[in-house]
There are 2 protein chains.
Amino acid sequence: MSLYSEIVEQPGRIKSLLASQKKTVEQIAAEIRKRDIQYVFLAARGTSDNAGRYANYLLGAMNGLPLALATPSLFTYYKQPPKLKNALVIGVSQSGQSPDIVSVLAEGRRQSCLTLAITNEPNSPLTQSADFLLDIHAGREKAVAATKTYTTELMSIAMLSTALSENKKHWEDLQKAAAWMKEVLKQNDFIEQAAQRYRYMDQTIVLGRGFNYATAFEWALKLKELAYVKAEPYSSADFQHGPIAMVDSGFPILAIAPKGRVFDSMFQMLKRLCRDFSAELVVISNDKKALALAQLPLSIPVDVPEWLSPLVSILPAQLFAYHLTVAKGYNTEHPRSIYKVTETK
Amino acid sequence: MSLYSEIVEQPGRIKSLLASQKKTVEQIAAEIRKRDIQYVFLAARGTSDNAGRYANYLLGAMNGLPLALATPSLFTYYKQPPKLKNALVIGVSQSGQSPDIVSVLAEGRRQSCLTLAITNEPNSPLTQSADFLLDIHAGREKAVAATKTYTTELMSIAMLSTALSENKKHWEDLQKAAAWMKEVLKQNDFIEQAAQRYRYMDQTIVLGRGFNYATAFEWALKLKELAYVKAEPYSSADFQHGPIAMVDSGFPILAIAPKGRVFDSMFQMLKRLCRDFSAELVVISNDKKALALAQLPLSIPVDVPEWLSPLVSILPAQLFAYHLTVAKGYNTEHPRSIYKVTETK
């Protein structure tokens, strides 16, 4: 049962990542400061792309850095890569193998950009194409569905942001992350029971906003990969621009709504879904009002700061996807039709 | 029946847009050339965001401009906008009303960036926050689901790209677009009949890649808004990184696969879905091999160039969504729960 044990070992992995890579991250930050970096150009696929979504909000809000998600086919099939002047080019990949992600970093280097590989494989082709390596130190991930490589990618990005801002409070928050994660994992038995209710759920919507837009995408991806649930992620804003038309009574909506700047907007949406649509709600939050709206409330510690909440809020989501997969009788280790390393061009 | 007539009037709108805005677009291009623009920062929601996805590929491939899709909540809720030095800031909005899109343009102006509004409402707040206006000249759009404002937004972006590259062949292609679109609309009666087969389809996946990644998103959005089908868009590459696990025998997959640089990758994926998964395929293409794999082949003219194919390939997709909505007995003019102008922050 690699998947379950990999979920449970995450607090320990986060702790050792923080201890072992702090100096490396500070060296990378020093190099970034030396250059005239005007934006970040980030290439990733699947789970790592969701870590990139977190970077989009975090580096924007904390470090003033706009972020463009790369469109790898421009580098591979079209062979018409854009001009990357003054960009910091980042590739994020657990395996460091996917040729399209490697080609974006190689092109960044060709154009004399500063390049950074965030990966679990220090000896991968991705690392060889990069000026700097941020080793996520997750240990070997055996389950096909990524869990600990996602949270260690998030942590790596959070450390990079903190090194850039030299924000002491943020370094302290990072020290507390492992304990918050441990606390959340105590809900395992409760989530195992609660997941039974969703045995026959075959489709759902996952809502998140701001920093937790990434969490919505990653929760949906786990549900698709493992439990074969058609789960579609949305920001609560985009959801109102059309897709809300799909919702009818009893439709299951999953949401990540911790306290913070976007809480009110998420809470108003959840109230509307509850009152006007009679939707079924599963809510991850540390706010009592939001949890009270849910048929299934999943709580995270009250003192988790919003900027770091994605690292903690994905844990109950992973446990929910895991136990739902077991309840549905599917294989948690080797989902059908997908492989650990997917080599796309 | 505004929606149907708005679909049908698209070739005429495209033609008049090209005639009336060519000079404006050339003025904007001249101003962009004068500045040291290093990337594009684009804000949009819903259908306009899908036009932004086209801009991402087109401006990247043809004009060497990387593009970052804005995360509006950083400007509104978080009040921590990134530093936009040397960015061209573009807002795309049919109504020009949504406060979050307006706030991105206003911040761009505050930071002395060049700002451009692409909108159907010359007197909107969006226009007032911009240095330049590209009026999409779609005429009033009455149906809640956007069709002609999508294709005129695509055309505006295609004209801007062509003015920037001063590519004569591309100007000629643009002149032919209206005729190609007219040709495709002749399939209306065929699509009306064919849509019956999908009366009880309640979920689907839409695949597109490269320039037609945008078409996949827009087709999925029309199906969600109008026919309440849970339709999820993917690039064929991202689809392999997990979500393909959901597909079982008979599962309906819609795909946009015109001839061009990414055709082979799309074709391989379609063959695999047909052979290994026994999926039901609806394919929009101008390649006979790809059309032959489909239960429902929807053809576009054989000489449409790949870079401009999104403008043509969305038409059979719109007609399919329209006729499916009629077949399901839903309201084509006023879908439940959504409104023409959605004001999100």
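In this text the structure is predicted, and so the values were computed from the model without any measurement.

Caption draft 1: Seen up close, the pattern of salt bridges. For the structure shown, the criterion picks out 38 salt bridges over all chains. Of the charged contacts, one joins A:Glu232 and B:Lys224 as a salt bridge, the two residues approaching to 2.9 Å between their closest N and O atoms. Taken together, the positions of A:Glu232 in strand S7 (residues 230–234) and B:Lys224 in helix H9 (residues 213–227) put the pair across two chains. Relative accessible area serves as the criterion here: at 8%, A:Glu232 is assigned to the buried category. Between B:Asp173 and B:Lys169 there is a salt bridge, with the nearest N and O atoms lying 2.7 Å from each other. Note that B:Asp173 and B:Lys169 are positioned in helix H7 (residues 168–185) at a spacing of four residues, about one turn of the helix. Taking the relative accessible area as the measure of exposure, B:Lys169 reaches 46% and is therefore partly exposed.

Caption draft 2: Up close: helix H4 (residues 99–110) of chain B. All names here are of chain B. Taking 1.5 Å of rise per residue, the 12 residues of H4 would be expected to cover 16 Å, and the 16 Å separating its terminal C-alpha atoms lies within 8% of that figure. What H4 keeps buried is the set Asp100, Ile101, Val102, Val104, Leu105, Glu107 and Gly108. Lining the buried residues of H4 we find strand S1 (39–43), strand S3 (87–93), strand S4 (114–119) and helix H5 (125–128). Remark: serine 112 follows H4 within two positions and exhibits a positive phi of approximately 65 degrees.

Caption draft 3: Main features of the interface of chain B and chain A. Taken together, the 71 residues of chain B in the interface contact 71 residues of chain A. Both faces combined, the contact of chain B with chain A buries some 5,900 Å², and carbon together with sulfur accounts for 53% of it. The three residues of chain B that bury the most area against chain A are B:Tyr78, B:Lys230 and B:His241, which together make up 12% of that side's buried surface. Our count for the contact surface shared by chain B and chain A stands at six salt bridges. B:Lys85 is the salt-bridge partner of A:Asp36, the closest N and O atoms lying 3.9 Å from each other. Applying the counting criterion to the chain B and chain A interface returns 23 residue pairs in polar contact (both at pLDDT 80 or more).

Scoring rules and cut-offs
Residues numbered from 1 in each chain as written. Chains lettered and ligands numbered in written order. Predicted model: local features only at pLDDT ≥ 70, side-chain atom pairs only at ≥ 80, totals over all residues. Heavy atoms only, no water. Salt bridge = Lys/Arg side-chain N within 4 Å of Asp/Glu carboxyl O. Helix = DSSP H or I, 4+ residues; strand = E, 2+ residues; numbered from the N terminus. Buried < 20%, exposed > 50% of the residue type's maximum accessible area, 1.4 Å probe, protein only. Expected span 1.5 Å × (residues − 1). Contact = heavy atoms within 4.5 Å. Buried area = accessible area lost by both parts, 1.4 Å probe. Polar contact = N/O pair within 3.5 Å; in protein donor to acceptor, adjacent residues only side chain to side chain.

Interpretation in functional terms is not warranted from these geometric data alone.
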